[in-house]
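Spelled out, the chains give:
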Amino acid sequence: MATDKSNFQLVVNGILNENPIFRLVLSMCPAVGISTTVMNGFMLGIAVLFVQVFSSCTIALFQNKIHPRIRIPTYTLTIATWVTVIDLVLAAYLPEAYAKMGIFVKLIVAFAIITMRLEMFASKESVTASFWDGIGMGLGFMFGMMALGFVRELLGLGTILGYDVLGFKPLLFFVLPFAGFFCVGLMMAFFNYLESVYKRAKQRV
Amino acid sequence: MKDIFTIVFRLTVACLLAGLVMGATFIFTDQAKKHNEHAREQKAMLGLLGYSANKPPPAGLTMHALYRYIVSEGREVSMGYLLPTKDRAFVFVAIALDGTFRNATPVALDPAKAGEEGEREKALAAALGPGKELRYAEQTLVVTEDGVRRAYLLSGRFPGFKTFISMLIALEPDFTIRGLEVMEHEEDPGLGAEITQDYFKKQFSGKPFARLKELAVVKTPLPAEYQQALEAEKRGGLDPAAAAAIMDQYRDHDIYALTGATISSRAVTNGVKAMVGKFTYRLAILDRVLAEEQIAAPF
C-alpha cells in the first residue's frame, strides 16, 4: 500500500491535519510536563524530529524483515538505538548544544508518537514517504510544543524566550505541570473552533 | 511452534544489530566525549575558584588531587588515600575505619598520568601486592597558593529525582561553601532541571559549615529581591555591592525549593550536606594521620 499524498502534503499533514499534540493527542506526558517555555518546547521538538526521521527511515527500510508479532519490541529497540546514538554523537562533537539538549534527548525513548508513527506509517510505506512523514510529524510536534510553551511562558512567567515582555507574572499556575492539561484542552478547542470557522467560510464561497 | 523460533531468531538479530550500532558509536565517540567532559570540568573548577579565560589563575596556584579508595582485604575494610608527596612522588595511605593509621606505601606513578583511572589502578596494584581489592570512591582537589590551602574542590554524586546528580562543590579552607556546579543530571526540564540555574545553586554560596549542617528546604516562594541578587552576575540590574548586601541578609535562610520540584531541591540540599559533612570528617582524620606519621604532603 502506497500513500497517494505528495511529499509536501505529508509534511503539511503532520503539522495540521494530524498534529501529534492537538489532533492525535499523543505523547501528552512530555507535552504537559516540558512545554513550560518556548525554548523547552523547541529543544524537545528538535530532538523528537531527529529521532522520528531516523527511526521512520530505519523501519521503512527493514519493514519486510520485521516479524509482525514482535514489531513493537523492534520499534522500541530502534528508537532506543537512535536515541543513544544521537546522545553520544551530540556529547562528542557538539558539547555546547549537548549541554542544553542532553536532558531532552534522553527523555524520548518511550514517546508514543514515534512508536505510533512507525506502526501506522513507516511499516507500510516507502522510505521516501516515511522520511517526509517523519519530518512532518517532528515539525508538527515541535510547533505544537512551541505554541503551548508560548502560551504558558507568557501567562505563567510573563516572558517570551526568556525576555521579559509583560514585566510581571500573571499566573504562576500556568507553569505548573497540571496547567499543561488545561492549556492543551483550551488550545485544542481554539484550533477546532478556527477550523470550523474556516470550513463554514469555505462552504459559503 | 515454528513461529517461536523465527520470533526468537529475529529478536536476537535485531538486538545484536542494535547493540552493534550503539557499541560502534560508543567506540567512535568515547574519546571526544571524555575530552569534552574533562575540558568542561576544568572550566567549572576554575570558574568556582573565581578564575576564567580572561582572568588566569596566578602561577603559585596548584591543585593537588587526592583519590579516595575503599580497600577490602578478606573481610576487613579500610580507607585508602592516594596522595602526592612533596618530592613529586605518590603515597598510598591506608586508614582503618576507626581512624587509626594502618600503613603507607609508596606508589610509582607518573604525575602526568595520575588523572587516568586505569593508570592509577595499575600502579596501585603493583605497589600494594595481591589479595587486596580496591574500589575507587572519588577525587578531591586541594587547592593551594604558595603552600597555603586556599580551597577544596569536591566531586561526587548522589541520587536525584530520577537518576544520579554529579556535583562539584568548592569549599573555603574553613568549609564555608564557595559555590557549586551541577556537572551531570537527568532531572525533568523546566522543573528539576532548574537546579542548574543561578537562582537555585547560588543559594548555597557563602553558607558556613555550621549553618549547612542544619540546612533545610522551605516551600515559601523565593523573595524577589533575593532572586535578583542571585541572578545579578548573569543578568545584571544590581550593582555588585547591593547584590552582596542582599546576599548577606539571606545568608542564614534555608534553601527555597524550586516550584514543582521539591524532591529535586531536597535531593540536592541533602546531597551537598552529606558530601561536605563526610569530607570534613575524613579530612580531619587524614590530616591527623599525616601529621602523626610525618608524611610530607604538599598541602
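From a predicted model like this one, the values you see are computed outputs, not experimental measurements. (Residues numbered from 1 in each chain as written. Chains lettered and ligands numbered in written order. Predicted model: local features only at pLDDT ≥ 70, side-chain atom pairs only at ≥ 80, totals over all residues. Heavy atoms only, no water.)

### Let's talk about the overall build of chain B
(1) Moving on: A tally of helices and strands in chain B yields eight helices and ten strands.
(2) Moving on: Across its three principal directions, the C-alpha atoms of chain B cover 70 × 65 × 40 Å.
(3) Moving on: Counting over 299 residues, chain B shows a buried share of 44%.
(4) Moving on: Contacts spanning at least 24 positions in sequence make up 57% of the contacts within chain B whose residues lie at least 6 apart.
(5) Moving on: For chain B, the computed accessible surface area is about 15,900 Å², with 57% contributed by carbon and sulfur atoms.
(6) Moving on: In chain B, the 36 positive side-chain charges and the 37 negative ones have mean positions that sit 3 Å from each other. (Helix = DSSP H or I, 4+ residues; strand = E, 2+ residues; numbered from the N terminus. Buried < 20%, exposed > 50% of the residue type's maximum accessible area, 1.4 Å probe, protein only. Contact = heavy atoms within 4.5 Å. Areas by Shrake-Rupley, 256 points an atom, 1.4 Å probe, with all protein chains shown as cover. Lys, Arg positive; Asp, Glu negative; His and termini not counted. Charge placed at Lys NZ, Arg CZ, Asp CG, Glu CD.)

### Some thoughts on the sheet that holds strand 5 (residues 133-145) of chain B
All names here are of chain B.
(1) Moving on: Pairing is antiparallel in the open sheet, where eight strands are placed in the order 4-3-2-1-5-6-7-8. In the strand order of this sheet, the two ends are held by strand 4 (101-107) and strand 8 (177-184), each with one partner. Taking the axes of each pair of neighbouring strands and ignoring which way they run, one obtains an average angle of 25 degrees across the sheet.
(2) Moving on: Across the sheet, helix 1 (residues 2-49) is in contact with strand 1 (61-73), strand 5, strand 6 (148-159), strand 7 (164-171) and strand 8; its angle to strand 8 comes to roughly 160 degrees.
(3) Moving on: Its contacts with the sheet put helix 8 (residues 262-293) on strand 1, strand 2 (76-84), strand 3 (90-96), strand 4, strand 5, strand 6, strand 7 and strand 8, and the angle it makes with strand 6 is roughly 135 degrees. (Pairing = 2+ DSSP bridges. Axes fitted to C-alpha atoms, helices over the stretch in contact; angles between N-to-C directions.)

### Let's talk about helix 7 (residues 240-249) of chain B
Residue and element names in this part refer to chain B.
(1) Moving on: Taken together, the buried positions of helix 7 are occupied by A243, I246 and M247. Relative to the axis of helix 7, the buried residues are bounded by an arc of 105 degrees and lie together on one face.
(2) Moving on: Along its buried surface, helix 7 packs onto helix 5 (224-230) and helix 6 (232-235). (Arc of directions from axis to C-beta.)

### Topic: the interface of chain B and chain A
(1) Moving on: In this complex, chain B contributes 27 residues to the contact, which on the side of chain A involves 27 residues.
(2) Moving on: Counting each side, the surface lost to burial between chain B and chain A is near 2,400 Å², with a carbon and sulfur contribution of 72%.
(3) Moving on: Of all residues in chain B, the largest losses of buried area upon contact with chain A belong to B:R10, B:M22 and B:P189, amounting jointly to 22% of the total for that side.
(4) Moving on: Across the contact surface, chain B and chain A share two salt bridges.
(5) Moving on: The partner of A:R69 in a salt bridge is B:D3, with the nearest N and O atoms 3.0 Å apart.
(6) Moving on: In the side of chain B that touches chain A, the residues fall into 13 nonpolar, seven polar and seven charged. (Buried area = accessible area lost by both parts, 1.4 Å probe. Salt bridge = Lys/Arg side-chain N within 4 Å of Asp/Glu carboxyl O. Nonpolar A, V, L, I, M, F, W, Y, C, P; charged D, E, K, R; others polar.)

### What to know about a nonpolar patch on the surface
(1) Moving on: On the surface, A:L171, A:F173, A:F178, A:F181, A:F182 and A:L186 cluster together to form a nonpolar patch covering roughly 630 Å² of accessible area.
(2) Moving on: Along the chain, A:L186 turns up in helix 8 (residues 179-204). (Patch = residues over 30% accessible without salt bridge, like charges linked within 9 Å, V, L, I, M, F, W, Y side chains within 5 Å.)

### Concerning helix 5 (residues 95-107) of chain A
Residue and element names in this part refer to chain A.
(1) Moving on: Helix length check: helix 5 (13 residues) gives 18 Å between terminal C-alpha atoms against 18 Å at 1.5 Å per residue, within 8%.
(2) Moving on: All of the buried residues in helix 5 are Y98, M101, G102, I103, F104 and V105.
(3) Moving on: Each element contacted by the buried residues of helix 5 is listed here: helix 2 (28-34), helix 3 (38-61) and helix 4 (71-93). (Expected span 1.5 Å × (residues − 1).)

### Quick notes on the nonpolar core
(1) Moving on: Residues B:L83, B:M167, B:I169, B:L171, B:F204, B:V268 and B:V272 are the most contacted members of the largest nonpolar core, which totals 55 residues.
(2) Moving on: The leading source of residues in this core is helix 8 of chain B, at ten residues.
(3) Moving on: Here this core spans two domains, and each of domain 2 (58-146) and domain 3 (184-299) of chain B adds at least three residues to it.
(4) Moving on: Residue contacts for B:L83: discarding those within four places in its chain leaves B:A65, B:L66, B:A89, B:F90, B:V91, B:V93, B:L286, B:L290, B:A297 and B:F299.
(5) Moving on: If you look at the next biggest cluster of nonpolar residues, it comprises 42 residues, including A:Y75, A:A122, A:F141 and A:M145. (Core = buried A, V, L, I, M, F, W, Y, C linked by side-chain atoms within 4.5 Å. Domains from an automatic or database assignment.)

### Some details on the environment of B:G192
All names here are of chain B.
(1) Moving on: Within the fold, G192 resides in the loop between strand 8 and helix 3 (198-201).
(2) Moving on: Relative accessible area serves as the criterion here: at 3%, G192 is assigned to the buried category.
(3) Moving on: Along the primary structure G192 and E133 are separated by 59 residues, whereas in three dimensions their C-alpha atoms are 37 Å apart.
(4) Moving on: Leaving out residues up to four positions away in the same chain, G192 has contacts with E187, L258, A261 and S264.

### As for the side chain of B:D198
(1) Moving on: With respect to the secondary-structure elements, B:D198 resides in helix 3.
(2) Moving on: What B:D198 contacts, discounting residues up to four positions off in sequence, is B:Q203, B:L230, B:E231 and B:K234.

### Observations concerning the domain arrangement of chain B
All names here are of chain B.
(1) Moving on: Taken as a whole, chain B is organised into domain 1 (1-57), domain 2 (58-146) and domain 3 (184-299).
(2) Moving on: Taking the mean C-alpha position of each, domain 1 and domain 2 sit 28 Å from one another.
(3) Moving on: Domain 1 puts seven residues into the contact, and the matching count from domain 2 is seven residues.
(4) Moving on: Both faces combined, the contact of domain 1 with domain 2 buries some 480 Å², and carbon together with sulfur accounts for 75% of it.
(5) Moving on: Contact with domain 2 buries area across many residues of domain 1, yet M45, L49 and P57 alone supply 68% of it, more than any other trio.
(6) Moving on: For the interface between domain 1 and domain 2, the tally reads zero salt bridges.

### Structural notes on the packing of aromatic side chains
Residues and elements named next belong to chain B.
(1) Moving on: By the definition in use, this model includes 16 aromatic pairs over all chains.
(2) Moving on: With 5.4 Å between their ring centres and 55 degrees between their planes, Y69 and Y136 make a pair best called tilted. Here Y136 lies in strand 5 and Y69 lies in strand 1, a separation of 67 residues in the sequence.
(3) Moving on: Residue classification places Y69 among the buried positions, given a relative accessible area of 0%. (Phe/Tyr/Trp six-rings, centres within 6.5 Å; stacked < 30°, edge-to-face > 60°.)

### Things to note about the pattern of salt bridges
Pairs can form between side chains of opposite charge once their charged atoms are near each other.
(1) Moving on: In the structure shown here, the tally under the stated rule is 20 salt bridges over all chains.
(2) Moving on: Across the salt bridge formed by A:E195 and A:K199, the nearest N and O atoms sit 3.3 Å from each other. You can see A:E195 and its partner A:K199 sitting in helix 8, four residues apart, about one turn around the helix.
(3) Moving on: A network of salt bridges, in which partner residues are shared, links B:E181, B:D198, B:K201 and B:K202.

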